[in-house]
Amino acid sequence: MQSEKIKQLKIEKVIPSENVICLDLTHKWHFREVPNALIAGNVGTGKSVLLIAMIGQLVSQKYDVTIIDAKDVYLSRLKQVSQLSAKVFSEFTGTVDAISGFYDLMIRTRDRHLDSIPEPHFLVIDELGYFVQLGDKLGFADEQRLLYEQAMSQLKEISVMGRELGFYLIISTVLPNAEFLPLVLRNQLTLRIVMGQPSSILTGIMFDNSSLNLLRPLSITNNGLGFVKNVYGYSGVSPFIAPEITSEFDLVQYVENSIRLSEGK
């Protein structure tokens, strides 16, 4: 099959919408109807770029966002954004603290017995699988093991309880199999996104094996190719192209600009 070119939107041109996150020009995530997102794919396929586009849209809508960069590689730079400095966490201890804080806020919200539609809160975790690897290596007598197990238990509770309270998860990982992502948690991450051309194993985990005929023939020339399931207006698995960033892209400036956009509302 000849390669094809899909029109790609520059990240600065993404237009935010209330209760909606745009994945590209046509694919939109209505998170109140389809709670929690799982983004999978190999290193370099564009998971972090998609997360950046999501974060920019969230902060431009004044939503509460907590960000975890488990590897302390890229998103942790957002600590330089004054409005987010207390909301960005990295490495093992930071991941535990962020999950615990987000969970506690959810419980306090539940205990207030709110009757109105709750304001959205998002916990964005880049490379949860790395955190799981660290935790699983801890000995059972290690004090940090208890913190790790508590954090994973809290994540499961957030995924189950959060929708009614306005608390949502966006999780990225290289391989979302049971070794790195517990089934109880994975089953609650209803928006499914794979960046890059997925293998048959990844397709089976994220979608189902009946999708193989759709995914294998595609040959897209863009960087940022992805496949998504459970977005508004599309049945089954659909290809999309994540927003584009240039070599001159400045992550901190982009998010600061997105926050300034929210201040004008």
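Residues numbered from 1 in each chain as written. Predicted model: local features only at pLDDT ≥ 70, side-chain atom pairs only at ≥ 80, totals over all residues. Heavy atoms only, no water.

A word on the nonpolar core
Step number 1: In this structure, Trp-29, Leu-50, Met-54, Ile-170, Ile-193 and Val-255 are the most contacted members of the largest nonpolar core, which totals 42 residues.
Step number 2: Of all the secondary structure elements, the ones that give two or more residues to this core are β3 (37-40), α1 (47-60), β4 (64-69), β6 (121-126), β7 (167-173), β8 (191-195) and α8 (251-263).
Step number 3: For this core, the element with the most residues is α1, which contributes 8 residues.
Step number 4: The contacts of Ile-193, once residues within four sequence positions are left out, are Leu-23, Leu-38, Ile-39, Ala-40, Leu-50, Met-54, Met-206, Phe-227, Val-228 and Phe-240.
Step number 5: Core analysis: the next-biggest nonpolar cluster, separate from the first, contains 38 residues, Ile-68, Leu-155, Phe-207 and Phe-227 among them. (Core = buried A, V, L, I, M, F, W, Y, C linked by side-chain atoms within 4.5 Å. Buried < 20%, exposed > 50% of the residue type's maximum accessible area, 1.4 Å probe, protein only. Helix = DSSP H or I, 4+ residues; strand = E, 2+ residues; numbered from the N terminus. Contact = heavy atoms within 4.5 Å.)

Thoughts on the pattern of salt bridges
Step number 1: Under the counting rule described, the total for this entry stands at 5 salt bridges.
Step number 2: Close ionic contact of Glu-244 with Lys-10 constitutes a salt bridge, the shortest N to O distance being 3.6 Å. Taken together, the positions of Glu-244 in the loop between β10 (237-241) and α8 and Lys-10 in the segment before β1 (21-22) put the pair 234 residues apart, joining distant regions of the chain.
Step number 3: Among the residues examined, Lys-10 registers a relative accessible area of 40% and is labelled partly exposed.
Step number 4: Arg-145 is the partner of Glu-149 in a salt bridge, and the nearest nitrogen-oxygen pair spans 3.1 Å. With Glu-149 and Arg-145 both in helix α4 (residues 143-165), this residue pair falls 4 residues apart, about one helical turn.
Step number 5: With a relative accessible area of 37%, Glu-149 lands in the partly exposed category. (Salt bridge = Lys/Arg side-chain N within 4 Å of Asp/Glu carboxyl O.)

Brief notes about the packing of aromatic side chains
Step number 1: Counted under the stated rule, the structure contains 11 aromatic pairs.
Step number 2: With 5.4 Å between their ring centres and 65° between their planes, Phe-131 and Tyr-148 make a pair best called edge-to-face. Here Tyr-148 lies in helix α4 and Phe-131 lies in helix α3 (residues 128-137), a separation of 17 residues in the sequence.
Step number 3: Through pairs of rings, three or more aromatic residues link up here, namely Trp-29, Phe-31, Tyr-63, Phe-122 and Tyr-168.
Step number 4: When the ring centre of Phe-140 is taken as reference, the NZ or CZ atom of Arg-145 above it lies at 4.2 Å. (Phe/Tyr/Trp six-rings, centres within 6.5 Å; stacked < 30°, edge-to-face > 60°. Lys NZ or Arg CZ within 6 Å of the ring centre and 35° of its normal.)

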